[in-house]
Each structure stands twice: as C-alpha cells, then as structure tokens.
Amino acid sequence: MYGIINRAIEDMVTASHGENAWMQIKAASGVQVDYFLSNEPYDDEMTYKLVAASSEVLQIPMSEVLSAFGEWWVLKTGREKYGGLMEAGGKNLQEFLLNLPMFHSRIMLFYPRLNPPEFRIGTITENSIEVHYHSTRKGLHHFVLGLLQGLAKMYHTPVTIQVLSMQSEPETHEVFQVNW
C-alpha cells in the first residue's frame, strides 16, 4: 500500500488520541518508519501491523478501528488529497456509488504502482444500490463499511448497509447493499 494510507492512519490516531498514542502504536507494531512518504509503496504487512497495534493500544476492536479509518479516509483524507476527484464523483450518494467503479482508474494516475480493489455495481433500485467489492487483500470488510458510511455522511444521506455476501477465496468478494 502507498504511504498515504499509513499517514492517514497516523493522522486519524493523533487527531483523536494524541501523539503519545501514535508513538505507542508504532512501538507495539514494530514499524520503524519515522515518516511515511505518500507516493512511496510500503509492504501491506506494515499497514496491517499498524491497524492491529491501534486496536491493541487503544483497546478498540479491530473492526471498529477499520470502520473508523474508512470514514476518516473519505471525510478527511479523500477531501484533502482528492477534493476535485471526490466532487467530480457525483452530486449525491447514488451518483457517487454509480461512478465508484471508475474512481481507482483516476487515482492510478497519481499512484501508478497501485494495486487497487475493484468495485462493481449490482442491483439498483429507487432506494438502494448493491456495491460489489473485489480485492486481493483480505480482512478489509469493516474498512469498506466505513468507506460507505463516510460517503453517506459526505452526502448527508442517512443509510443502512447490509452485507449480502462475503467470499474470501480465491480473492475477497463482498456484496454490500446500501439503502437510503
């Protein structure tokens, strides 16, 4: 994953728990990087270690850490780093979700070595949309839930999100139904 991911985790932790908590997390994770460079790739294992250490140090279930990070990614990192792309995604939640499959192709212009997940759209109704998430990375279910919740907050749209199916082999394929 690119350094921007690890920097965003650091930003989220320091904003909500302080610099001391972040230093404890780094120590507990064994990660010895002083400063993450946004445009540099880092081993995925480093990110997983930071999330696990965040859960341990903050005494918050990993599912909550990932969900909070998903929301943070949309509401803070996304808006600050990709404001124009986020705004171009759509004028409401449904439009953004319909355009989500094309989002990472635009992001790859900034991060050419990106190994992004793939989003596909399934059944669409007047009040819901199915979002299919495909990835070679495992264990990010709650992060995706947080992303979807963050998008709903960004568009001031109350939602409920149901997990319709989860598959982890040979790759992750999860189906979320977003209802508004």
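Here, the structure is the one placed above.
Residues numbered from 1 in each chain as written. Predicted model: local features only at pLDDT ≥ 70, side-chain atom pairs only at ≥ 80, totals over all residues. Heavy atoms only, no water.

**Points about the side chain of Ser54**
Along the chain, Ser54 turns up in helix H3 (residues 44-58). For Ser54, a relative accessible area of 1% corresponds to the buried category. A polar contact is formed between the side chain of Ser54 and the backbone oxygen of Leu50, at a distance of 2.8 Å. Once residues lying within four places of it in the same chain are set aside, the contact partners of Ser54 are Ile9, Val13, Ile25, Gln59 and Val65. (Helix = DSSP H or I, 4+ residues; strand = E, 2+ residues; numbered from the N terminus. Buried < 20%, exposed > 50% of the residue type's maximum accessible area, 1.4 Å probe, protein only. Polar contact = N/O pair within 3.5 Å; in protein donor to acceptor, adjacent residues only side chain to side chain. Contact = heavy atoms within 4.5 Å.)

**Section: the environment of Lys76**
As for its position among the elements, Lys76 is in helix H4 (residues 62-81). Of the residues examined, Lys76 reaches a relative accessible area of 34% and is grouped as partly exposed. The sequence separation of Lys76 and Asp11 amounts to 65 residues, and the corresponding C-alpha distance is 9.3 Å.

**Details of the pattern of salt bridges**
Taken as a whole, this structure holds six salt bridges when the rule is applied. Where Glu71 meets Lys153, a salt bridge forms, and the shortest distance between an N and an O atom there is 2.7 Å. One end of the pair, Glu71, is in helix H4; the other, Lys153, is in helix H7 (residues 141-154), and 82 residues separate them in sequence. Accessibility expressed as a relative area gives 17% for Glu71, which makes it buried. The residue Lys76 makes a salt bridge to Glu80 at a minimum N-O spacing of 3.2 Å. Here the residue Lys76 and the residue Glu80 both occupy positions in helix H4, the gap between them amounting to four residues, near one helical turn. Owing to a relative accessible area of 56%, Glu80 belongs among the exposed residues under this scheme. (Salt bridge = Lys/Arg side-chain N within 4 Å of Asp/Glu carboxyl O.)

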